[in-house]
Amino acid sequence: MSRAPGDSLTMMSDRVTRRSFFLAVGAASSLLAVDFDYPGKNIDFIIPKAPGGGFDNLVRVIAPALEKYLPRKVNVVPDNIPAGGGGKGIGQLYRARPDGYTIGAVDIPGSFILQERQGGAGFDLNKITWLCSMGKPEYFCLGVGANSPIKTLDELKALAKTRPVKFTSSGPEGTAYGATVIGTRVLEIRAQLITGYKGSSDFVVGAIRGDGDAVIAPVTSLRPMLQSKTVRVLATFEPKGTFSGVPDAAALGKPELGQILLERLVGAPPALPANIKAILSAALNKAMADPQTVSLAKKFEVEMVPSSPEQAVARIRENAAFFAKWKSSLMV
Amino acid sequence: MLHLWLSGIGGLLQARELMFLALGMAMGLFFGAIPGLGGATALALLTPLTYGLDPFTALALAGGVMGAVPMGGSITAILLNAPGSAPSAATCLDGHPLAQQGKAGLALGAAASANAIGGIIGTISVLAILPIAKELVLLFGPPELFLLAVLGLIVVATASRGKMLRGLIAGVFGLMISFIGYNDITGALRFTAGIAYLWDGVHLVPALIGLFAVAEMINLSVKGGSITKDAKAVAITSMTSGLLETFRHWRTVVRGSLIGTVVGAIPGVGGTVASFLSYSLTVQASKDPESFGKGNIEGVIAPEAAINAKDCSCLIPTLAFGIPGGVEMAVFMGLLVLHGLQPGPLMLIDHQLEIYGLIWALTGSCVLASFLGLFLARPLSKLTLIDSEILVPTVMAVALVGAWAVDRNIGNVIVTAIFGILGYLMIRFDYPRLTMVVALVLGAAAERNFHQTTMMSDGNLSIYLHRNVCLVLLIGIAALLIAPLFRGLKRAPAVVTAGLGK
Amino acid sequence: MKILGTPVLDYLPALGLALLTAAFLATSYSYSAQARAFPAPVAWVTLALIALDLISRTQTAVGDAIRRHLNPGAHAPEGSHPLGKHFAAALWLAVFAVVLVLIGVLYAVPLYMFASLRFQGRRSWFTSLWVSAVATGALWLLFAVVLRLELYPGYFFGGA
């Protein structure tokens, strides 16, 4: 069948009409894929740590504030899933439906260690939809019990020449474990870790009690103990130390100590729709800027700083690069 | 110090604080009674509601909840063999047999009074040792905790001496179950068969709901009838008889309270160990051990006294170092932080008024809840007359939904069902559940502490001989192992049949 | 049929435990030395104790001696109910648990309670209906309204 001369216009017009139609259908489909009633039910906030620790407390402070800033009134329910050193919780976050009803707090770089150790856990931190950071990263410091015969870092190093120094720490998947392994390597201290403690309070008290010789813990965990005169801080990994009379990373000539950080990021399952991501990210940042959140977080020395998803992704990449350098030491 | 004690009471005796205390008590009683809920859920629910309150009032509310939960747990443990919380499982062992004999009122009355007296003794003990709380917590490290776990296991094993072989088998089987899941020392996942639910091991509360409540309902379903067939006994039972029994067995109350106080103060051990240890030591000390498990009132008094005593002393490691003794304490810590009270050594110095107020709130709630329990003893005991055809499906539904509600994990339902069938088989084939429960609670901790001790001492076992508390514990272990020998030599060769039928 | 004077069925509980323990032991040897340092010896001890238990069930002199010294208070399975009754009771529980997982709390609870009351308890249709309705309502009120928990919807309806 041949076409009449005007057919090409008709055909073009048909094509335009068809194109417009398919464009419209495509647009409608993508709109249907996004839930404009979001959020329409409770949001699960996974915490891959046991209840009661600093991590858990921070999420519980943020959760009610988050409820205030979401576009609709729903509950944000903290859900502790500490199993497998946190691997189960992160895995659950990773495998959840990307519908905005499951988010989770993840600690870095502990989760990298977990990902390597528990390959079967089936999560990939690079694929998680990162929403923001939960506060500024925390530095670590090295301390001993107040009753310890060791008074300075040099004495600790001298001890390390005679035998491995025993450090109390969490299980071999936690950020504290990673910080201890990396920190002792950087400081060239021969170390042996006593693992298995259930949280920072537990392993810091272990060092105070004398289970081990020393401990490497977040600054926020050791400072209250220092104030109550139960620990002595020998060195801080901060670039600019906040402990009077204690050498910092710069004074020790080890600036890389300042890269050993405890970070807490909030993420959602992979492939979260863009506008839900935007809603959650904005609400989280507002929650963290809320005066009550700021004042409560200050009590455990966490400074709330707004951050974008892109900044969170950048932090992940930096951490992954740093972690990769130390992988062989951490996987022993 | 006395003026601080009095200030603490004075602060509590204000209308607003008393009102919140009463509200917390009512919630604690209710939540304690429902299997799977408990104090942790109640506290988690209340925490957001405390935002506008000052710290002292918030602690009055929290103390109200925590002080009343054990009484709530005792009610369902006695009436339905369904422990409202893990520590109440020990009360099932003799409390439910009493209910089956139509003496639920007696058991509830004894539980209520033991609760109150145990709480008061626990409070006085804690107030006395609070000034040295930090030092006390620091006394117990991995070597001490390992020996304590061994002591607990031996106490329980030797308490089942009429069925020692089966008791030991149940115990080691419980140990095997306790090894399932993530290992803190090596980071290895063991015996999980690839099931993500088991990464955390077998969850204790759903397992206990199954072993006791569900198993008992299966048993009732097979036997038919009601929990008790003696309606007359139920009608004449009085709450005062339970109260009198508690005073008659004052040594059991004191012993249980002291065990609860000491065990509660040890970080990470928990209330379940306190109640089972108190029960087992009471069996050991009794002149009539074979009557336990069949409705001996001391089998109710001993664990109940321990449970409430431990509630106060559990605060010590929580407040002193931020080490929670269990989930309830962990949630409580979250509430503290929300009110600007950071657990740690400084809290014991800077917030003494709040701490004493909390301790008095706990005690007050415990006593009030006990009075309420005494008052409700007779009407509640009529539940034991309900026909099994109605009771069984109702309790099964509450048990399984309650198990799910523990942490909103549907795997708990499967665990409860499996342990329900296991518990029933143990009843049928006469294996004591007591040893299995204690092993389940202590197994993972024993392993972790042993490995940590090995790391501390580079494998040198003499570490146990160089620490004072370890030496005391070793002597205790030796005494427990040798004592049955002496008893066997002293007695005529009559068979000793310890009554741990459950 | 009897073995060493004891019916075969009486050995079953101990044999069942032995099987589970053997599987546990075999699995423990797939872990590192440190990871199996506790589980393996415990499993060996369990097998030894089960062996003693099996011997104690025999009607032999050794069995009798073990029974007298280590298990004098133990008794044979109690009650004389038909085996079917035990299986039925366990089956009701198992089916309820599976149904709850599959279709969720709000469907499974009334279904189970109604079926149990009507067909196991032989109550009237009316009694079965109102008791299951009241119980389900009470559970919903407690968990969904008071506790503000989203009741588990069931695997078929989007539950995890």
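Every chain is numbered on its own, with residues counted from 1 as its sequence reads. Whichever chain is written first is A, and whichever ligand is written first is 1; the rest continue in order. Totals for whole chains, interfaces and linings use every residue, but because this is a predicted model, local features are given only for residues with pLDDT of at least 70 and side-chain atom pairs only at 80 or more, for both listing and counting. Calculation of side-chain values draws on the structure's entire complement of heavy atoms; hydrogens and water are dropped beforehand.

Trainee: For the overall build of chain B, give the residues involved together with the corresponding values.
Mentor: Working definition: helices are DSSP H or I runs of at least four residues, strands are E runs of at least two. Numbering for both runs from the N terminus. Counting its secondary structure elements, chain B contains 23 helices and two strands. Along the three orthogonal principal directions, the C-alpha set of chain B runs to about 60 × 60 × 50 Å. The rule is simple: take the accessible area with a 1.4 Å probe, protein chains only, and divide by the maximum for that residue type; under 20% is buried, over 50% is exposed, in between is partly exposed. Within the span of chain B, comprising 502 residues, buried residues form 68% of the whole. A separation threshold of at least 6 residues defines the contact pool for chain B, and within that pool the share at least 24 residues apart is 80%. Carbon together with sulfur atoms contributes 72% to the accessible area of chain B, which is approximately 15,500 Å² in total. Charged-residue counts in this description rest on Lys and Arg as positive and Asp and Glu as negative, His and the chain ends being excluded. Working definition for charges: the position is that of NZ of Lys, CZ of Arg, CG of Asp or CD of Glu. Put simply, chain B has 27 plus and 24 minus side-chain charges, and the middle of one group is 11 Å from the middle of the other. The contact definition used throughout considers only heavy atoms, calling two residues in contact when any of these lie within 4.5 Å. To be clear on the numbers: accessible area is Shrake-Rupley with a 1.4 Å probe, and residue cover counts the displayed protein chains and nothing else.

Trainee: Break down unusual backbone geometry for me, citing the residues and quoting the values.
Mentor: All names here are of chain A. With an omega dihedral of -10°, the bond running from Tyr38 to Pro39 counts as a cis peptide bond. Looking at where Pro39 falls in the secondary structure, it is placed in the loop between α1 (7–33) and β1 (43–47). Following Ile108, the chain continues to Pro109 via a peptide bond in cis, the omega torsion being 5°. Locating Pro109 in the fold gives a position in the loop between β3 (102–108) and α4 (110–117).

Trainee: Tell me what's going on with helix α9 (residues 274–289) of chain A, and back it up with residues and numbers.
Mentor: An expected span of 1.5 Å times one less than the residue number is assigned to each helix. Between its first and last C-alpha, α9 of chain A extends 23 Å over 16 residues, near the 22 Å set by a 1.5 Å rise per residue. Inspection of α9 of chain A places Ile276, Leu280, Ser281, Ala283, Leu284, Asn285, Ala287 and Met288 of chain A among the buried residues, and these make up the whole buried set.

Trainee: With reference to specific residues and values, describe a nonpolar patch on the surface.
Mentor: All names here are of chain C. A contiguous nonpolar patch, built from Leu106, Trp140, Leu141, Val145 and Val146 and spanning about 440 Å² of accessible area, is present on the exposed surface. Looking at which element gives the most residues to the nonpolar patch, the answer is helix α6 (residues 125–146), with four residues. Secondary-structure assignment places Val145 in helix α6. Judged by its relative accessible area of 42%, Val145 falls in the partly exposed class. Nonpolar side chains (Val, Leu, Ile, Met, Phe, Trp, Tyr) within 5 Å and like charges within 9 Å form the patches, drawn only from residues with over 30% relative accessible area and no salt bridge. Every case where a carboxyl oxygen of Asp or Glu lies within 4 Å of a side-chain nitrogen of Lys or Arg is listed as a salt bridge.

Trainee: Please give an account of the pairing of β3 of chain A that cites residues and values.
Mentor: Side chains on a regular strand alternate between the two faces of the sheet. Residue and element names in this part refer to chain A. Of all seven residues in β3, seven are buried; the element is thus mostly enclosed. When DSSP finds two or more bridges between two strands, those strands count as paired. In terms of strand pairing, β3 meets strand β10 (residues 261–268) through five bridges, oriented antiparallel. When the sheet's bridge partners are listed, Gly104 is paired in β10 with Gly267.

Trainee: Break down the confidence of the model for chain B for me, with residues and values.
Mentor: Residues and elements named next belong to chain B. One confidence number per residue, pLDDT, is output by the predictor and ranges from 0 to 100. Averaged over every residue, the pLDDT of chain B is 84; residues scoring 70 or more account for 93%. In the model of chain B, helix α11 (residues 231–236) stands out as the element of lowest mean pLDDT, 65, in contrast to helix α21 (residues 411–428), which has the highest, 93. Note on residues 494–502: pLDDT is under 50 here. Beyond four places in sequence and across chains, it has 38 contacts.

Trainee: Please set out the packing of helix α3 (residues 38–46) of chain B against helix α17 (residues 327–338) of chain B residue by residue, giving values where relevant.
Mentor: All names here are of chain B. Axis lines are fitted to C-alpha atoms, over the contacting stretch for helices. Their N-to-C directions set the angle, which ranges from 0 to 180 degrees. The geometry of α3 relative to α17 is characterised by a closest axis approach of 8 Å and an angle of 15° between their N-to-C directions. On the basis of their axis angle, the class for α3 and α17 is roughly parallel. Between α3 and α17 lies a crossing whose hand is left-handed. Note on element contacts: α17 touches α3 through Val327, Glu328, Val331 and Phe332, opposite Gly39, Ala40, Leu43 and Ala44. Residue polarity follows a fixed list, in which Ala, Val, Leu, Ile, Met, Phe, Trp, Tyr, Cys and Pro are nonpolar, Asp, Glu, Lys and Arg are charged, and the others, Gly among them, are polar. Class assignment of the residues belonging to the contact of α3 with α17 gives a composition of six nonpolar, one polar and one charged. Orientation categories follow fixed angle ranges, with anything under 35 degrees roughly parallel, anything over 145 roughly antiparallel, 65 to 115 roughly perpendicular, and all other angles oblique. Crossings are sorted by hand: turned counterclockwise from the far helix by less than a right angle, the near helix makes the crossing left-handed, and turned clockwise it makes it right-handed.

Trainee: Go over the nonpolar core with me, naming the residues and quoting the values.
Mentor: To qualify as a nonpolar core, a set must consist of buried Ala, Val, Leu, Ile, Met, Phe, Trp, Tyr and Cys residues joined through side-chain atoms within 4.5 Å. If you look at the biggest cluster of nonpolar residues, it comprises 218 residues, and the most contacted ones within it are Phe332, Met396 and Trp404 of chain B together with Phe96, Leu100 and Phe143 of chain C. Among the elements that make up this core, the one with the highest residue count is helix α4 (residues 55–80) of chain B (14 residues). The contacts of Met396 of chain B, once residues within four sequence positions are left out, are Val214, Met217 and Ile218 of chain B together with Leu93, Phe96 and Tyr112 of chain C. Formed by 48 residues, the second largest nonpolar core is a distinct cluster that contains Ile108, Leu114, Leu153 and Leu159 of chain A.

Trainee: Help me get a handle on the packing of aromatic side chains, residues and values and all.
Mentor: Side-chain rings of Phe, Tyr and Trp, where Trp is taken by its six-membered ring, are said to pair if the distance between their centres is within 6.5 Å; with planes under 30 degrees apart they count as stacked, over 60 as edge-to-face, and otherwise as tilted. All chains considered together, the criterion is met by 15 aromatic pairs over all chains. On the basis of an interplanar angle of 80° and a centroid distance of 5.9 Å, the ring pair of Phe30 of chain B and Phe31 of chain B is categorised as edge-to-face. Phe30 of chain B gets classed as partly exposed once you look at its relative accessible area, which sits at 43%. Judged by relative accessible area, which is 2%, Phe31 of chain B ranks as buried. A centroid spacing of 5.6 Å and a plane angle of 50° characterise the contact between Tyr107 of chain C and Phe157 of chain C, whose relative ring orientation is tilted. Taken together, the positions of Tyr107 of chain C in helix α5 (residues 105–120) and Phe157 of chain C in the segment after α6 put the pair 50 residues apart, joining distant regions of the chain. Of the aromatic side chains, those joined through ring pairs into one cluster are Phe146, Phe179, Phe450 and Tyr464 of chain B together with Phe38 of chain C. Its end group placed over the ring of Tyr101 of chain A, Lys41 of chain A keeps NZ or CZ at 5.0 Å from the ring centre. When the ring centre of Tyr431 of chain B is taken as origin, the NZ or CZ atom of Arg166 of chain B, which lies over that ring, is 5.3 Å away. The rule for a charge over a ring is simple: NZ of Lys or CZ of Arg within 6 Å of the ring centre, and within 35 degrees of the ring normal.

Trainee: An account of the interface of chain C and chain B is needed here, citing residue identities and associated values.
Mentor: Each partner contributes residues to the interface: chain C has 64 residues there, and chain B has 64 residues. Accessible area, probed at 1.4 Å, shrinks when two parts are joined; the buried area is that loss added up over both. For the pair chain C and chain B, the summed buried area comes to about 5,700 Å², and 76% of that belongs to carbon and sulfur atoms. Contact with chain B buries surface across chain C, with Phe24, Phe38 and Leu93 of chain C losing the most and accounting together for 11% of the total. Taken together, the links from chain C to chain B amount to three salt bridges. We note a salt bridge from Asp387 of chain B to Arg123 of chain C, for which the minimum N-O separation is 2.4 Å.

Trainee: Talk me through α4 of chain B; I want residue IDs and the actual numbers.
Mentor: Residue and element names in this part refer to chain B. A rise of 1.5 Å per residue sets the reference length of α4, with its 26 residues, at 38 Å; its end C-alpha atoms lie 38 Å apart and thus fit the reference within 8%. Each residue is assigned a bend, namely the angle between axes fitted to the seven residues that terminate at it and the seven residues that start at it. Of all the bends in α4, the greatest, near 30°, is centred on Val69, and the proline Pro70 appears no more than four residues after it. The buried count for α4 comes to 25 of 26 residues, which makes it a mostly enclosed element. Asn81 lies just past α4 and shows a positive phi near 60°.

Trainee: Outline the state of the cysteines, listing residues and values.
Mentor: Residue and element names in this part refer to chain B. Criterion for a disulfide: a pair of cysteine sulfur atoms at a distance within 2.5 Å. Summed over all chains, the structure comprises zero disulfides over all chains. For Cys92, which is in no disulfide, the shortest distance to another cysteine sulfur is to Cys366 and amounts to 19 Å. Cys366 supplies the cysteine sulfur nearest to Cys312, a cysteine that is in no disulfide, at a spacing of 8.3 Å.

Trainee: Run through the pairing of β10 of chain A, naming residues and quoting values.
Mentor: Residues and elements named next belong to chain A. Counting buried positions along β10 yields eight of eight residues, so the element is predominantly enclosed. With burial as the criterion, each face of β10 is covered, one bearing Leu261, Glu263, Leu265 and Gly267 and the other bearing Leu262, Arg264, Val266 and Ala268. Bridge count between strand β4 (residues 129–133) and β10: four bridges; the pairing is antiparallel. Residue pairing for β10: Trp130 is matched across the bridge by Gly267. With two bridges joining them, strand β5 (residues 138–145) and β10 adopt antiparallel strand pairing. Paired with Glu138 across the bridge in β10 is Leu262.

Trainee: Summarise the environment of Lys299 of chain A; cite the residues concerned and give the values.
Mentor: Residue and element names in this part refer to chain A. Structurally, Lys299 is set in helix α10 (residues 291–299). Residue classification places Lys299 among the partly exposed residues on the basis of a relative accessible area of 45%. Once the C-alpha coordinates of Lys299 and Gly267 are considered, the two residues, 32 residues apart in sequence, prove to be 24 Å apart.

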